[in-house]
Amino acid sequence: MAQAPRRSYPHAVKSRPNPRRASPAYAALDLGTNNCRLLIAEPSYHEFRVVDAFSRIVRLGEGLGLGDTLGEEAIERTVAALKVCKSKIDSRNVLRSRLVATEACRHASNGLAFIDRVRDEVGLDIEIVDRQTEATLAVMGCASLAHPKAGSVIIFDIGGGSTEVAWLDGQTGGDAICASERIRAWDSLPVGVVTLAERYGSARVTHAIFEDMVAEVGGRLLPFALKAGPAAATPGFHLLGTSGTVTTIGGIHLGLERYDRRRVDGMWMHGDDVEVVTDRLIESSLQERASNPCIGRDRADLVLAGCAILEAIRRAFPSQYLRIADRGLREGILMSMMREDKVWSRRSRT
């Protein structure tokens, strides 16, 4: 079977860390229900330059679709990944860091105990963020990809244990730093690819099972859809998605033999093409999904749950176009820290 695709940043520095590096770096860690992801970056002109990155599927929230406790095997996998992150942070000239955990730790009865264990065993202080903070940071991380002339945009982040959705009103492109100020409404649905797949099964997903998943997510999405419904009627409205689900769909649509972030991040897809890929995945077996180079065996059992969440969003907010972002929470964390430190205003005066 194919291994899970590696999603590295093409512009990340591959050379050995230099302890005398002149520019201080910032570190952002996103510990989700399914993934552990780290970015280390240095400020550049109005943006940042990634100097190191790490991503590993840990499935910390395995079993949370049916219970409320983090399992010992999942904890051990996650601690091992966090030790790699700690090593990377220590090897760089990191000025500031923000390390966050999301739905798995929010939901689990032993979430706080897990955070204490990480502090003792790994030496990392991880913050469990609330849903509004998670949604805001995800928006900040990818809103620069919204079309500059769009009257409104629905931004969504399909995670392992939760799904964040936000309505951005007004022209959102070109100013990702202040995008959070344009959020008209937001919501965090307590359902993600891991929890949904565990409840409905994943080895064989029929069209009927898929529709059941879509219906559940649609019901959970309804209160937000009632508030943000006017967004779809504005000129240039489109959807903007950030998650492994949408990047996977983008990679499959392009027919990539190996996932390539440079080709997927920022790409546009027509709604008809999204449906074609989704139907193809429903008709495929678990083995066939695992062998797809843009999915891999570690995510083969989750991808259709993600497609069901995406379909529920598309039905609630009809749009011909979906823009795909391979960026999100970590990038939002980095931009928020750099904005707080006024790194760009200092550079403009030099």
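Residues numbered from 1 in each chain as written. Predicted model: local features only at pLDDT ≥ 70, side-chain atom pairs only at ≥ 80, totals over all residues. Heavy atoms only, no water.

Colleague: A description of the nonpolar core should follow, citing residues and the corresponding values.
Modeller: Grouped together as the largest cluster of nonpolar side chains are 53 residues, with contacts concentrated most on Ile-154, Phe-156, Phe-224 and Phe-317. Among the elements that take part in this core, helix H11 (residues 303-316) stands out by supplying 9 residues, more than any other. Setting aside residues no more than four positions away along its own chain, Ile-154 makes contact with Ala-166, Trp-167, Phe-224, Ala-228, Ala-231, Phe-237, His-238, Leu-239, Leu-240 and Phe-317. Leu-64, Ala-108, Ile-115 and Ile-126 belong to the second-largest nonpolar core, a separate cluster that totals 30 residues. (Core = buried A, V, L, I, M, F, W, Y, C linked by side-chain atoms within 4.5 Å. Buried < 20%, exposed > 50% of the residue type's maximum accessible area, 1.4 Å probe, protein only. Helix = DSSP H or I, 4+ residues; strand = E, 2+ residues; numbered from the N terminus. Contact = heavy atoms within 4.5 Å.)

Colleague: Account for the packing of helix H7 (residues 244-254) against helix H9 (residues 271-283), with residues named and values stated.
Modeller: Running from amino to carboxyl end, H7 crosses H9 at an angle of 95°, the nearest separation of the two axes being 10 Å. Comparing their axes, H9 and H7 come out roughly perpendicular. Contacts from Ile-249, Ile-252 and His-253 in H7 reach Asp-273, Val-277, Arg-280 and Leu-281 in H9. Tallied by class, the residues present in the contact of H7 with H9 amount to 4 nonpolar, 1 polar and 2 charged. (Axes fitted to C-alpha atoms, helices over the stretch in contact; angles between N-to-C directions. Parallel < 35°, antiparallel > 145°, perpendicular 65-115°, else oblique. Nonpolar A, V, L, I, M, F, W, Y, C, P; charged D, E, K, R; others polar.)

Colleague: Tell me about the pairing of strand S4 (residues 94-101), and name the residues and values.
Modeller: One ladder, built from 7 bridges, connects strand S1 (residues 25-31) with S4; its direction is parallel. Looking at the pairing, Ala-28 lines up with Arg-98 of S4. Pairing of S4 with strand S5 (residues 127-128) involves 2 bridges; the strand directions are parallel. Paired with Ala-101 across the two strands is Ile-128, which belongs to S5. (Pairing = 2+ DSSP bridges.)

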